[in-house]
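Examination of the molecular architecture
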Amino acid sequence: AVFSAVTGEFKRKGFCAEGSIPLQARHGEIVIETDEDCENCILRNGVLEPAPADLGLLRRNLVQRIHEYLDEKLQQPVFVFGTMFDADATARQRVGSRVARLQRGDDLPAGWMGWRDAENNMHWATDDATTVLANLVSLSRAIEDREQALLIAVWQHKAAIAALSDIDGILAYDVMAGWPA
C-alpha cells in the first residue's frame, strides 16, 4: 500500500495488517509492506494500525452507494404497453417536450415516424396527435411512478441505515435489497 503524507490517504483499498512497518519514503509518500492492502488504517509512530470504526463515515458510504444505485435504476427502461421504453434523462426530456408540444395544440412534427421503444421498434407511427399524446402521457406517468417508487426505496434505505447502531449491522447492510423493479 502507498500512504500519501500529502493527502493522508492510502492509494489502494483492502484491509489492514496490524503492525506493518514502513519500508521507504519518496516524494511525500511512504511505501508500507502489509499482508494485505490498507483501507481503513492509520499510520501511528511508523506503525500501520486499524483505524477506529467511524460509524458516520460508514453510513455516509452506504448512502452514497444507494444514490449511485438510484442513478443506475433511473437510467433503465420502463415497461409500459407491453414493451420496454427508454426512461433515461434524454428520453424523459423528449417525452416531456413532445407532450408539451401536443398539449399546446401543435400537430405532430413534420416527418413523424412514430416513437421508438428500447429495442428500437416503432410505435404510434400511424396514430393521430390525440392518440400519440395519450400514449406519451401514459409513458410519462409510468416513468414518474417508477421514479417515485425508487425515491421511496431510497428514503426507506436511509431510515434503515440511520437506525443501525453498530458496525456489524452497517457492514452487513444490503443496499441492493428492497428496490422496485
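Our subject is the structure that appears above.
No experiment lies behind these values; they were computed from the predicted model shown.

1. A few points about unusual backbone geometry
Positive phi is not limited to glycine here, since Asn-120 has a value of about 75°. Relative to the helices and strands, Asn-120 is located in the loop between strand 8 (115-116) and strand 9 (122-123). Of note in this structure, Trp-124 is not a glycine but carries a positive phi near 65°. As for its position among the elements, Trp-124 is in the loop between strand 9 and helix 3 (129-163). We classify Trp-124 as buried; its relative accessible area is 12%.

2. Focus: the nonpolar core
Core analysis: the largest hydrophobic core is formed by 17 residues, its most contacted members being Trp-115, Trp-124, Val-132, Leu-136 and Leu-139. Of all elements in the fold, only strand 6 (78-80), helix 2 (89-103) and helix 3 reach the threshold of two or more residues within this core. Broken down by element, this core gets its largest block of residues, six residues, from helix 3. In this view, Leu-136 contacts Val-95, Arg-98, Val-99, Leu-102, Trp-115 and Trp-124; residues no more than four positions away in its chain are not counted.

3. Considerations on the layout of surface pockets
Estimated volume of the second largest pocket: approximately 300 Å³. Lining the second largest pocket are 13 residues; nearest its centre among them are Asp-86, Arg-94, Gly-114, Trp-115 and Arg-116. Contributing elements (two or more residues each) for the lining of the second largest pocket: helix 2 and strand 8. In the lining of the second largest pocket, the residues fall into four nonpolar, three polar and six charged.

4. As for the pattern of salt bridges
Side chains that carry opposite charge are capable of pairing whenever their charged atoms lie near each other. Going through the model one piece at a time under the given rule, you end up with one salt bridge. With a closest N to O distance of 2.9 Å, Arg-104 and Asp-106 form a salt bridge.

5. A word on helix 2
Working note: α-helix, 3.6 residues per turn, so residues spaced by three or four point in the same direction. Taking 1.5 Å per residue, 15 residues should reach 21 Å; helix 2 reaches 21 Å between its end C-alpha atoms and fits that length. Considered for burial, the residues of helix 2 that qualify are Ala-91, Val-95, Val-99 and Leu-102. Seen from one end, helix 2 has its buried residues packed into an arc of 70°, which puts them on one side. Packed against the buried residues of helix 2 are strand 8 and helix 3. Phi turns positive one or two residues past the end of helix 2, at Gly-105, with a value near 95°.

6. Focus on the packing of helix 2 against helix 3
For the pair helix 2 and helix 3, the least separation of the axes is 9 Å and the interaxial angle reads 140°. With respect to their mutual orientation, helix 2 and helix 3 come out oblique. Handedness of the helix 2/helix 3 crossing: left-handed. Taking contact as the criterion, the partners of Arg-92, Val-95, Arg-98, Val-99, Leu-102 and Gln-103 in helix 2 are, on helix 3, Ala-129, Val-132, Leu-133, Leu-136, Val-137, Leu-139, Ser-140 and Ile-143. Its residues assigned to classes, the contact of helix 2 with helix 3 shows ten nonpolar, two polar and two charged.

7. A short note on the side chain of Arg-146
Relative to the assigned elements, Arg-146 resides in helix 3. Although Arg-146 is buried, it makes no salt bridge; Glu-147 carries the closest opposite charge, 7.6 Å away. Here the side chain of Arg-146 touches Gln-76 through a polar contact of 2.9 Å, landing on its backbone oxygen. Here the side chain of Arg-146 touches Pro-77 through a polar contact of 3.2 Å, landing on its backbone oxygen. Apart from residues lying up to four places away in sequence, Arg-146 is in contact with Lys-73, Leu-74, Gln-76, Pro-77, Val-78, Ala-87 and Ala-181.

Reading guide: rules and limits
Residues numbered from 1 in each chain as written. Predicted model: local features only at pLDDT ≥ 70, side-chain atom pairs only at ≥ 80, totals over all residues. Heavy atoms only, no water. Helix = DSSP H or I, 4+ residues; strand = E, 2+ residues; numbered from the N terminus. Buried < 20%, exposed > 50% of the residue type's maximum accessible area, 1.4 Å probe, protein only. Core = buried A, V, L, I, M, F, W, Y, C linked by side-chain atoms within 4.5 Å. Contact = heavy atoms within 4.5 Å. 1 Å grid on protein atoms, 1.4 Å probe; cavity = no way out; pocket = protein on both sides within 12 Å on 5 of 7 lines; lining within 4 Å. Points joined across faces, edges and corners; volume = space filled by probe spheres on them. Nonpolar A, V, L, I, M, F, W, Y, C, P; charged D, E, K, R; others polar. Salt bridge = Lys/Arg side-chain N within 4 Å of Asp/Glu carboxyl O. Expected span 1.5 Å × (residues − 1). Arc of directions from axis to C-beta. Axes fitted to C-alpha atoms, helices over the stretch in contact; angles between N-to-C directions. Parallel < 35°, antiparallel > 145°, perpendicular 65-115°, else oblique. Left-handed = near helix turned anticlockwise from the far one by under 90°. Lys, Arg positive; Asp, Glu negative; His and termini not counted. Polar contact = N/O pair within 3.5 Å; in protein donor to acceptor, adjacent residues only side chain to side chain.

Coordinates in, geometry out; function isn't part of it.
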